[in-house]
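Fold and contact review
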Amino acid sequence: MPGPAAEPLPPASGAWQDGDPAGRRRWVSLAEPLALEAGGELTGVRIAYETWGRLAPDASNAVLLLHALTGDSHAAGPAGPGHPTAGWWDGLIGTGRALDPDRWFIVAPNVLGGCQGSTGPAARRPDGRRWGSSFPVLTQRDQVAAEARLADLLGIERWALVAGGSMGGMRALEWAVGHPRRTGALLVLAAPAAATARQLACTQVQLAAIRADPGWRGGDYHDAGPGRGPHTGLGIARRLAHLTYRGRAELEHRFGRAAQPGEDPWHGGRRQVESYLDHHAAKLVRRFDAGSYVVLAEAMNHHDIGRARGGTAAALARITAPAVIAGVDSDELYPPPLQARLAAAVPGAEHRVIASPHGHDGFLIETAQVSRMVHDLLGPPAPPTGRWSGGG
Ligand SMILES: CC(=O)SCCNC(=O)CCNC(=O)[C@H](O)C(C)(C)COP(=O)(O)OP(=O)(O)OC[C@H]1O[C@@H](n2cnc3c(N)ncnc32)[C@H](O)[C@@H]1OP(=O)(O)O
Ligand SMILES: N[C@@H](CCO)C(=O)O
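Residues numbered from 1 in each chain as written. Chains lettered and ligands numbered in written order. Predicted model: local features only at pLDDT ≥ 70, side-chain atom pairs only at ≥ 80, totals over all residues. Heavy atoms only, no water.

The cut-off we apply is this: UniProt positions are given in the numbering used here, feature names are shortened, and annotations may be inferred rather than shown by experiment.
Identification of the protein as Homoserine O-acetyltransferase from Streptomyces sulfonofaciens is taken from an unreviewed UniProt entry. Taken directly from UniProt, the Function (unreviewed entry) text for the protein runs: "Transfers an acetyl group from acetyl-CoA to L-homoserine, forming acetyl-L-homoserine." Checking UniProt for the protein, the heading Sequence similarities (unreviewed entry) contains the comment "Belongs to the AB hydrolase superfamily. MetX family."

Here it is, written out as structure tokens:
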């Protein structure tokens with residue numbers, strides 16, 4: 001029997017999405033430099049975003065959705081040109097769904113430091129060269145500061161809801177603490193108040209894999225030519241990360257020790273779970289930039305809601321928004337006790353647990369349960385009016 005079938009390498013050295021042939025994504029450029037928490041400033045910042053629905057004349061119906069580590073602005077809609085994956089919260093957004101564009105103006109930015117249209121290491125600096133290794137250290141607060149500028153430019157003073165999971169949940173928390181008057185309601189999923197030792201440890205192994213790849217070239221690989229980026233390192237990083245995103249029992253139940261059909265593990269072939277991880281690694285390598293992966297993972301490592309705010313409890317006490325803070329019962333990366341402690345420190349917050357066999361990724365998969373949380377914060381979806389055509 002044959003060994004593993006190779007999945008193709010990405011066409012370019014950094015999977016950077018600079019355009020949007022489908023025409024959904026828009027951009028804003030920040031006129032003023034962004035002062036950074038770690039020092040210095042970032043000039044020429046561009047933030048990509050997508051929207052669904054129409055902004056009300058009084059701007060009272062705006063909802064901000066914040067993606068996780070390898071997400072992007074494409075929160076809803078099919079995959080297609082410029083959109084390598086289908087919408088990550090498709091089940092929540094649409095006519096009759098919890099976030100109905102007939103009623104809500106939904107905004108999903110690509111995070112600062114990302115690679116799907118916003119300024120990140122693969123983007124060009126004002127002098128025309130790629131940022132690469134010269135891209136500065138970012139924190140979640142810097143990313144939220146850029147999102148606040150986007151809100152200003154869109155004419156949104158206060159979000160009816162700020163919601164996100166994992167890295168998106170960290171930024172949602174930063175919004176509620178740093179901009180309490182601009183955060184009307186808060187939904188934080190599968191995220192901690194501060195980076196955990198397990199997160200730091202898992203990330204260290206992932207980033208070591210990327211940096212050990214000769215294709216990394218110290219972070220300045222973007223112009224090295226097609227197929228010459230640190231694809232092997234990024235793929236190994238994704239395999240390890242994906243293991244932390246899925247449930248232990250789920251993997252056992254789905255794959256056990258079974259051989260991948262058509263392959264013989266006794267003669268160089270793979271077992272199903274190995275093939276599954278290879279597939280997720282290859283998919284990420286085709287759509288994501290390793291430089292962004294490093295910058296965003298390090299920003300998550302710097303996450304600490306209490307930093308320079310008198311500690312975690314003092315920071316969380318600043319939150320005025322009605323809040324739901326939920327974890328996934330099978331999440332081994334950020335287990336529910338972390339969210340229980342977080343919710344206990346947020347005035348009036350409710351702690352919930354999403355029931356799912358899927359582990360950390362449950363916040364993306366269990367959209368029916370997440371929808372109920374959105375209902376509880378925003379009210380049920382209005383009866384369909386047919387006003388929203390799906391066009392934006
Ligand atoms: C908030 C954010 O924006 S985060 C960004 C979200 N998106 C991502 O993370 C993209 C990566 N994808 C994922 O992590 C997950 O697919 C999720 C969370 C989006 C969805 O999870 P699930 O629906 O449970 O997908 P699952 O983990 O089972 O993977 C399905 C894929 O594995 C493939 N697969 C399953 N078994 C095998 C196997 N034995 N060998 C090879 N591939 C396999 C399937 O064919 C499918 O491929 P496809 O995605 O190319 O269609
Ligand atoms: N699968 C998600 C989970 C990370 O929290 C991602 O890749 O962004």
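Observations concerning the overall build of the protein
To be explicit about the condition: Per the convention used, a helix needs a DSSP run of H or I reaching at least four residues, while a strand needs a run of E reaching at least two, with both numbered from the N terminus. The globule rule is 2.2 Å times the number of residues to the power 0.38, and the radius of gyration it is compared with is taken over C-alpha atoms. Burial classes follow relative accessibility: with a 1.4 Å probe on protein chains only, a residue under 20% of its type's maximum area counts as buried, one over 50% as exposed, and anything between as partly exposed. Contacts between residues were defined by any pair of non-hydrogen atoms, one from each residue, lying within 4.5 Å. Positive charges come from Lys and Arg, negative ones from Asp and Glu, while His and the chain ends are left out of the count. To locate a charge, take atom NZ for lysine, CZ for arginine, CG for aspartate or CD for glutamate.
For the protein, the helix and strand inventory stands at 11 helices and 10 strands. Here the protein has a C-alpha radius of gyration of 20 Å; the compact-globule value for 392 residues is 21 Å, and the two agree. Across its three principal directions, the C-alpha atoms of the protein cover 65 × 50 × 50 Å. Across the 392 residues that make up the protein, the buried fraction comes to 57%. For the protein, restricting intrachain contacts to residue pairs at least 6 apart in sequence, the fraction spanning at least 24 positions comes to 74%. Separation between the mean location of the 39 positive side-chain charges and that of the 37 negative ones in the protein comes to 1 Å.

Section: the site of ligand 2
Spelled out, the test is: If a single non-hydrogen atom of a residue is within 4 Å of a molecule or strand, that residue counts as near it. Pairing of N or O atoms within 3.5 Å defines a polar contact, subject to two protein rules: one partner must be a possible hydrogen donor and the other a possible acceptor, and residues neighboring in sequence count only if both atoms are side-chain atoms. Side-chain classes are defined by residue name, with Ala, Val, Leu, Ile, Met, Phe, Trp, Tyr, Cys and Pro counting as nonpolar, Asp, Glu, Lys and Arg as charged, and the others, Gly among them, as polar.
Residues in close proximity to ligand 2 include Ala68, Leu69, Thr70, Ser166, Arg238, Tyr245, His360, Asp361 and Leu364, which together make up its full environment. At 3.3 Å, a backbone N or O of Leu69 approaches an oxygen atom of ligand 2. In this structure, His360 approaches ligand 2 through a side-chain N or O atom, which is 2.9 Å from an oxygen atom. Broken down by class, the residue content of the shell around ligand 2 amounts to four nonpolar, three polar and two charged.

Focus on the nonpolar core
Nonpolar side chains in soluble globular proteins generally cluster together in the buried interior. Rule in force here: By convention a nonpolar core is built from buried Ala, Val, Leu, Ile, Met, Phe, Trp, Tyr and Cys residues, the set being connected through side-chain atoms within 4.5 Å.
Counting 73 residues, the largest nonpolar core has Trp159, Trp175, Leu186, Ile210, Tyr293 and Ile319 as the members making the most contacts within it. Judged by nonpolar contacts, the second largest core, of 32 residues, contains Leu65, Trp89, Trp104 and Ala163.

Topic: unusual backbone geometry
Of note in the backbone geometry, Ala190 takes a positive phi value of approximately 50° without being a glycine. Along the chain, Ala190 turns up in the loop between strand E8 (186–189) and helix H3 (197–212). If you check the backbone angles, Arg217 has positive phi at about 50° while not being a glycine. Its place among the elements puts Arg217 in the loop between H3 and helix H4 (231–245).

Here's the deal with the site of ligand 1
Our working rule: Each accessible area is a Shrake-Rupley result for a 1.4 Å probe, and residues are judged covered by the shown protein chains and nothing else.
Not every one of the 22 residues close to ligand 1 is listed here, only the nearest: Arg254, Ser275, Tyr276, His279 and Lys283. At a separation of 2.6 Å, a nitrogen atom of ligand 1 approaches a polar side-chain atom of Ser275. At 2.8 Å from an oxygen atom of ligand 1 is found a side-chain nitrogen or oxygen belonging to Lys283. Here ligand 1 loses 68% of its free accessible area of 1000 Å² to cover by the protein chains. Of all elements in the fold, only H4, helix H5 (248–255), helix H6 (272–287) and helix H10 (362–365) reach the threshold of two or more residues within the shell around ligand 1. The dominant element in the shell around ligand 1, judged by the number of residues it contributes, is H6, at seven residues. For the shell around ligand 1, the per-class residue count stands at seven nonpolar, nine polar and six charged.

Brief notes about the UniProt feature "binding site: substrate" (unreviewed entry) in the protein
In this structure's numbering, the residues bearing the UniProt feature "binding site: substrate" (unreviewed entry) are Arg238 and Asp361. These annotated residues cover 124 residues of sequence, but their C-alpha atoms sit close together, with the largest distance between any two at 13.6 Å. Following the sequence through the fold, Arg238 ends up in helix H4. Not counting the four nearest positions on each side in its chain, Arg238 is found in contact with Thr70, Tyr245, His280, Ala281, Leu284 and Arg287. Along the polypeptide, Asp361 turns up in the loop between strand E10 (350–354) and H10. Here Asp361 falls in the buried class, since its relative accessible area comes to 11%.

As for the environment of Arg271
Examined against the element boundaries, Arg271 turns out to sit in the loop between H5 and H6. Sequence separation between Arg271 and His179 is 92 residues; the distance between their C-alpha atoms is 49 Å. Each residue touching Arg271, except ones within four places of it in the same chain, is listed here: Arg257, Ala258, Ala259, Gln260 and Pro265.

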